[in-house]
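# Architecture and fold: a report
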Amino acid sequence: MSEFGTPRALPESGGWLLERQTPGMAYTDCMGPYPLFSCEDWEKVPGEISNLDSDLVAVSMVTDPFADFDLEKMQACFDSRFFPFKQHYAVDLDIPLEQIGGKRRRRHARRALNKLTIAVSESPAEYLDEWMDLYAVLMEKHQIKGVRAFSRVSFLEQFQIPGAVMIRALYHGKAVGIQVYLYQGNVVHAHLGACSPEGYDLEATYAIDYYSFEYFKGKARWVNLGGGVGISDEELDGLSIYKSAWASHTRTSYFCGKVLNAERYEELMRIKNGPQTNYFPAYRAGEY
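In every chain, residue numbers begin from 1 and rise along the written sequence. The model is predicted, so local features are restricted to residues of pLDDT at least 70 and side-chain atom pairs to those at 80 or more, both for listing and for counting; the totals for chains, interfaces and linings are taken over all residues. Calculation of side-chain values draws on the structure's entire complement of heavy atoms; hydrogens and water are dropped beforehand.

## Observations regarding the pattern of salt bridges
Just to be clear on terms, a salt bridge is a Lys or Arg side-chain nitrogen sitting within 4 Å of an Asp or Glu carboxyl oxygen. Counting across every chain of the model gives 13 salt bridges. Linking glutamate 19 and arginine 8 is a salt bridge whose minimum nitrogen-to-oxygen distance equals 2.9 Å. Residue glutamate 19 is found in strand S2 (residues 15-21), and its partner arginine 8 is found in strand S1 (residues 6-10); the two are separated by eleven residues along the sequence. A salt bridge links glutamate 43 to lysine 73, with the shortest nitrogen-to-oxygen separation between them at 2.7 Å. One end of the pair, glutamate 43, is in the loop between strand S3 (28-31) and helix H1 (45-50); the other, lysine 73, is in helix H2 (residues 71-77), and 30 residues separate them in sequence. One salt-bridge network, in which partners are shared between bridges, spans Arg20, Asp29, Arg284 and Glu287. Runs of H or I in DSSP of at least four residues are treated as helices and runs of E of at least two as strands, each being numbered from the N terminus.

In structure tokens:
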């Protein structure tokens, strides 16, 4: 993510932030890596955040839903903003494969698997061109931009992270669906997935997901399928409905935001002069 800012280490916790220039003024703030902040020692996070330079305007992050932290300590640290952000749908791989998802869901998956060939690579960078073609379809369909869009260079770096795994769905030798996974301890996160129009018709996502549960069994305890679109759980979107039908559990990620320099924060707000928003930091509202 260095094309969007300067990586900044949190040496005590083993986490990382991304330092970025603020819009309108030559100040800087920090965000956690997109889409989730992870670290080695969550106990150290509140202290490191509280000790960040006051030259920084603000800091924000979304926690790994499998993070082991003290909720009260985190809430006390991030006094500006701390709230449940999104429900992530997880599959417990200790459950027998034939019990994951409902009968209808498994039937869809088996039907798709009969039409497709599934290939697994632990060297995803070899298939970067295939991925970029499919991801272009996803970007166009959902109008993805900014940090979420990622670049070819960024994907090349991501695909070389130790523990990156790519599962490809092939139809007559052509990739019609790809899902990229990343290991974090005993959890495998479904990082990003994309399909071609043909892949959607062939239900490639069903095939990849069901295959992944068998592939990762014994290699990890959980598959984190991720969350849905947006942050509200009041009404499930289509993606949430799809993922929830596979899931055996849900885990909560938290949004964490803290103003580090109130004077500069207010100055940026005056320059922004935008409508009231719950977005944090408010001077970056609309960036996605």
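## Considering unusual backbone geometry
The amide bond that connects tyrosine 34 to the next residue, proline 35, takes the cis arrangement and shows omega of 5°. Tracing the sequence through the fold places proline 35 in the loop between S3 and H1. With an omega of -10°, the peptide bond running from phenylalanine 280 to proline 281 counts as cis. On the secondary structure map, proline 281 appears in the segment after helix H9 (262-272). For phenylalanine 150, which is not a glycine, the phi torsion comes out positive at approximately 55°. Structurally, phenylalanine 150 can be placed in the loop between helix H4 (128-142) and helix H5 (152-158).

## Some thoughts on the pairing of strand S8 (residues 174-184)
Across the eleven residues of S8, eight count as buried, placing the element largely inside the fold. The pairing of strand S7 (residues 164-171) with S8 spans eight bridges and is classified as antiparallel. Across the sheet, residue tyrosine 171 finds its bridge partner in S8, namely lysine 174. At least two bridges found by DSSP between two strands are what make those strands a pair. Two successive antiparallel strands, S7 and S8, enclose a turn made up of two residues, where histidine 172 displays a positive phi of approximately 55°. Pairing of S8 with strand S9 (residues 187-195) involves eight bridges; the strand directions are antiparallel. Note that in S9 the partner of glutamine 179 across the bridge is glycine 193. Linking two consecutive strands that pair antiparallel, namely S8 and S9, is a turn of two residues; a positive phi of about 65° is found at glycine 185 within it. Accessible area is worked out with a 1.4 Å probe on protein chains only. A residue is then buried under 20% of its type maximum, exposed over 50%, and partly exposed in between.

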